[in-house]
Amino acid sequence: MKLRSIKYLTVEGLKNMWVNRLMSIASIAVLIACMLLMGAAIIFSLNVDKALGVLRDQSIVMVYMQDGRSEVENKATANTIRDLDNVKEATFVPQAEGLESLLDTFGEDAESLFTFVEGENPLPDAVQVKLDDLNRFDATVSAIQKVEGVDSVNSMRETAMRVNSISRLINIAGFWIIGLLIITALVIISNTIRITMNSRKLEISIMKAVGATNNFIRFPFVVEGVVLGVAAAGITMVIIYFVYKAVLGAIQESMMTQGAVPFTSFMWPLLGIFLLLGVLAGAIGSLISLGKYLRKEGSEFRAY
Amino acid sequence: MQTAAGAPIIEFKGVSKTYTTGTHALKDINIKIYKGDFVFVVGASGAGKSTFIKLMIHEEAPNTGEIIVNGFRMSEIRRSQVPLLRRTMGIVFQDFRLIPTMNVFDNVAFTLRVVGASSREIRKKVTAALSVVGLGNKSRMFPAELSGGEQQRVGLARAIVNNPSMIIADEPTGNVDPNMSYEIVELLTEINRRGTTVVMVTHEHQLVRDFNRRVIMLENGTIVADNADGGLES
Ligand SMILES: Nc1ncnc2c1ncn2[C@@H]1O[C@H](COP(=O)(O)OP(=O)(O)OP(=O)(O)O)[C@@H](O)[C@H]1O
Ligand SMILES: [Mg+2]
C-alpha cells in the first residue's frame, strides 16, 4: 500500500472514531475495566510473591550448634554447611546477635522477659541457612543435620512447603485470570465495533464497488482499534498509579508497608502488557467484526 | 454497432444463475457487448436484470457458463483480482450510494483514493468529472443538500472519474424525476460518445424509445429480444 494511502486511511480511522465517539468511549471503558482487573491481579501476585519471598528468605532453616564449642569451631561448621549442595546462603549468627534479633522481634517491652541470670545467654551459636530449591528441602535438611557440631535444625518445613504451594497456586490462577480477561476484552471489543459496523455497511459496499482491496477497507478499522487500545492502556496506567498510591497510603497507617512492591518497579512492564493487549484486542476485535462484510462482494449488504 | 471490432468487452456464454433459494434468475444467457456499445437492459420486475449486472461486476458467481469482462474470466478470477476488475468499470446505483458524511468532492475523490492517486491528480480529475456532470460549483456541498438528480450526477461523476472502460448502471434513473432521467441518460450518451461502453438497466420504456440504442430484453431469466444486429445508430 502506498504511503499516501496509509496517511489517508489513518486520518479516516481517526475521523471514524470521532463520528462513532459514543462507541469509541464504550470500547475504551470496556478495555479499561479488563485492564484494571488484570493489573490488579498482576500487582496482587507481585506483592504476594514478594511477601512470600521475604518469608522464604527469613531463616527458614535455623541450624543450632552444640554447646561447649568455640566460636571458631562453629564458624568452620558454618563454612561446611555453606558448601553443601542446594545451600544458597549460610550466615553465622553468634549467640549475642541471636539474642538481639530476638529482642528486636518481640519489641523493647519484652526485654525484661529475657533478662536472665547475669551475663548468661541461653541461646547457642547458630547458622541461618537459605536454600535454592525448596523442593529438595528434606534432603538438604538431613544433610545439614549430619554435619559435625550441629545440634538441632529448626526447619519450619510446613512454612516452606506452604510458601511453595501458594506461589505455585498464584502463578496458575494469575495465568487463567489473565487469559480469561484477554478473551473477554476481545469478545466485547469486537461486539462493540460490530454495532458501529452497521452504519458503515454502506461505506464498505461503496468501497468494494469502486475497487478497494480488503486491506484498504480494513486499515481505518485497525487504526481505530489500535488507537482505542493505546488510549485504554494509558488511562488504565494512570488510574492504577493513583489507586495503588492511595491503597499503599491506607495500609501504611495500620501495618508495615516497606514490604510493598513500588509502582515504578512494574510500571514499564505493565504498560507494555497493556499496550500489547489493547492493540491486539482493538485490532483483532475490529478485524473479527469486519470479516463478515469482507467476505461478501458488494450490495448483498445494501443499506436498504 | 461495431460488431467486428475484435473481442467483446463483455461476454456471457451459456450462463445460468440459480440463487440458493432455488430461484432460477438467469437461464442460458449468451451475449456479446463490444467496446463503445450503449446497451439498455429492460424487462419486468424479477426478470433477472439486476442479476445480470451482479454477474458482470462479480458480485455473484454463475452456476454454469463463462463470463468474460475486460479480459477477466469470472470462472478463474481470484478474490484479490476482484478489486482490479472493479477499477475498470464505473458502477452507478439506483440509490446513489453517496457517503453522507463526505462532501461532493470527497465522494467523487473516493474512487481515486482507493487507487492511491496523488492529491494533485485527485484535484484535477475530480474537477474535470464534476464539470462533465455540471456540478462544478457544488463540490463543497453534502449529499443531503442536493436533489435526487444532483445526487445521481455525483454518483455518475464518481463512476467516470478514473476513466473506466465501461459504465454499469442498474436503474440509475429509478429514484429521480422524469426530466432528470433524461438528463442522466444524456450524460451517459455523452460519456459513451467518448468511447466508454455503457450498460444501463431501466424500467422506463419511453426513455428506451427516445434514445434508440441496443436493447436487451429479459423475461423470466431468458433473453427474449436483442436488437444487436438490427443496425441501430440511425
Ligand atoms: N440474493 C438473492 N437471493 C435469492 N433470490 C434472489 C436474489 N436476488 C434476486 N433474486 C431473485 O431472482 C429473480 C431475479 O431478480 P433480479 O433482482 O435480477 O430482478 P430484476 O429484473 O432486477 O427486478 P427489478 O426490476 O424488480 O429490480 C427474482 O425472482 C428475485 O426474487
Ligand atoms: Mg433490479
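The structure under discussion appears in the preceding block.
Since we're looking at a predicted model, the values are computed, not measured.

Caption draft 1: A look at the overall build of chain A. Across its full length, chain A carries eight helices and four strands. Counting all 304 residues of chain A, 42% fall into the buried class. Considering only residue pairs separated by 6 or more positions, chain A has 84% of its internal contacts joining residues 24 or more positions apart. As displayed, chain A has an accessible area near 16,600 Å², and 64% of this comes from carbon and sulfur atoms.

Caption draft 2: Main features of the overall build of chain B. Regarding its fold elements, chain B presents seven helices and 10 strands. The C-alpha radius of gyration computed for chain B amounts to 17 Å, which stays within 12% of the reference 17 Å derived for 234 residues, consistent with globular compactness. By residue count, 54% of the 234 residues in chain B fall in the buried class. Surface exposure of chain B reaches about 10,000 Å², of which carbon and sulfur atoms provide 48%. Counting 27 positive and 24 negative side-chain charges, chain B places the averaged centre of each group 8 Å from the other.

Caption draft 3: Expanded view of the packing of aromatic side chains. Counted according to the given criterion, the structure contains eight aromatic pairs over all chains. Plain terms: the ring middles of F175(A) and W176(A) are 5.8 Å apart, the flat faces sit at 85° to each other, and that makes the pair edge-to-face. Measuring from ring centre to ring centre gives 4.8 Å for F12(B) and F52(B), while their planes differ by 35°; the resulting arrangement is tilted. You can see F12(B) sitting in strand 1 (residues 10-18) and its partner F52(B) sitting in helix 1 (residues 49-56), a full 40 residues away along the chain. Looking at F52(B), the relative accessible area reads 1%, which means it is buried. Chaining the aromatic ring pairs together yields one cluster made of Y241(A), F242(A), Y244(A), F263(A) and F266(A).

Caption draft 4: How the structure looks around a nonpolar patch on the surface. Residues and elements named next belong to chain A. Residues L36, I235, I239, V243, V247 and I251 make up a contiguous nonpolar surface patch of roughly 420 Å² in combined accessible area. Among the elements that line the nonpolar patch, the one with the most residues is helix 7 (residues 214-254), at five residues. Checked against the element boundaries, L36 lands in helix 2 (residues 21-57). Owing to a relative accessible area of 31%, L36 belongs among the partly exposed residues under this scheme.

Caption draft 5: Summary view of the interface of chain B and chain A. Counting from both sides, the interface comprises 26 residues of chain B and, opposite them, 26 residues of chain A. Linking chain B to chain A there are zero salt bridges. Viewed at the interface, chain A and chain B are joined by four residue pairs in polar contact (both at pLDDT 80 or more). Mapped onto the side of chain B that touches chain A, the elements with two or more residues apiece are helix 2 (82-87) and helix 3 (104-114) of chain B. When grouped by side-chain class, the residues that make up the side of chain B that touches chain A number 12 nonpolar, four polar and 10 charged.

Caption draft 6: Looking closely at the sheet that holds strand 3 (residues 126-131) of chain A. All names here are of chain A. Read from one edge of the open sheet, four strands run 2-3-1-4, paired in antiparallel fashion. Because the sheet does not close on itself, it has two edges, and the strands there are strand 2 (87-93) and strand 4 (150-154). Averaged over all pairs of adjacent strands, the angle between their axes in this sheet comes to 20°, without regard to strand direction. Here helix 3 (residues 71-82) sits on the sheet and contacts strand 1 (61-65), strand 2, strand 3 and strand 4; the angle it forms with strand 2, its principal contact strand, is near 170°. The strands touched by helix 5 (residues 137-145) within the sheet are strand 1, strand 2, strand 3 and strand 4, with strand 4 carrying the most contacts at an inclination of about 155°.

Caption draft 7: Summary view of the sheet that holds strand 9 (residues 214-219) of chain B. Residue and element names in this part refer to chain B. The six strands lie next to each other as 6-7-8-3-9-10, forming an open sheet whose pairing is mixed. Every other strand in the sheet has two partners, leaving strand 6 (89-92) and strand 10 (222-226) as the edge strands with one partner each. Within this sheet the neighbouring strands show an average axis-to-axis angle of 20°, counted without direction. Sheet topology places strand 9 next to strand 10; four bridges connect them, and they run antiparallel. Note that in strand 10 the partner of E219 across the bridge is T222.

Caption draft 8: Region of the structure containing the pattern of salt bridges. Residues and elements named next belong to chain A. Evaluation of the coordinates by the stated rule reveals 14 salt bridges over all chains. Between K15 and E12 there is a salt bridge, with the nearest N and O atoms lying 3.2 Å from each other. Here K15 pairs with E12, and both are found in helix 1 (residues 3-19), just three residues apart, close to one helical turn. Using a relative accessible area of 45% as the deciding quantity, one classes K15 as partly exposed.

Caption draft 9: Molecular detail of unusual backbone geometry. With a phi angle near 70°, N86(A) is a residue other than glycine that sits in the positive phi range. With phi around 55°, H58(B) is a residue other than glycine that occupies positive phi space. Relative to the helices and strands, H58(B) is located in the loop between helix 1 and strand 4 (64-69).

Caption draft 10: Geometry of the site of ligand 1. Residue and element names in this part refer to chain B. Residues in close proximity to ligand 1 total 14 residues, the closest being S45, G46, K49, S50 and T51. Contacts to ligand 1 include G48, whose backbone N or O atom sits 3.0 Å from an oxygen atom. For ligand 1, an oxygen atom lies 2.7 Å from a polar atom in the side chain of S50. Top element by residues in the shell around ligand 1 is helix 1. It accounts for three residues.

Caption draft 11: Structural context of the side chain of Q152(B). Structurally, the position occupied by Q152(B) is in helix 5 (residues 148-160). Excluding residues that lie within four positions of it along the chain, Q152(B) makes contacts with V92(B), F93(B), Q94(B), F96(B), P172(B), V176(B) and I184(B).

Cut-offs applied
- Residues numbered from 1 in each chain as written.
- Chains lettered and ligands numbered in written order.
- Predicted model: local features only at pLDDT ≥ 70, side-chain atom pairs only at ≥ 80, totals over all residues.
- Heavy atoms only, no water.
- Helix = DSSP H or I, 4+ residues; strand = E, 2+ residues; numbered from the N terminus.
- Buried < 20%, exposed > 50% of the residue type's maximum accessible area, 1.4 Å probe, protein only.
- Contact = heavy atoms within 4.5 Å.
- Areas by Shrake-Rupley, 256 points an atom, 1.4 Å probe, with all protein chains shown as cover.
- Rg over C-alpha atoms; globule rule 2.2 N^0.38 Å.
- Lys, Arg positive; Asp, Glu negative; His and termini not counted.
- Charge placed at Lys NZ, Arg CZ, Asp CG, Glu CD.
- Phe/Tyr/Trp six-rings, centres within 6.5 Å; stacked < 30°, edge-to-face > 60°.
- Patch = residues over 30% accessible without salt bridge, like charges linked within 9 Å, V, L, I, M, F, W, Y side chains within 5 Å.
- Salt bridge = Lys/Arg side-chain N within 4 Å of Asp/Glu carboxyl O.
- Polar contact = N/O pair within 3.5 Å; in protein donor to acceptor, adjacent residues only side chain to side chain.
- Nonpolar A, V, L, I, M, F, W, Y, C, P; charged D, E, K, R; others polar.
- Pairing = 2+ DSSP bridges.
- Axes fitted to C-alpha atoms, helices over the stretch in contact; angles between N-to-C directions.
- Near = heavy atom within 4 Å.

Any link to function would need more than the numbers given here.
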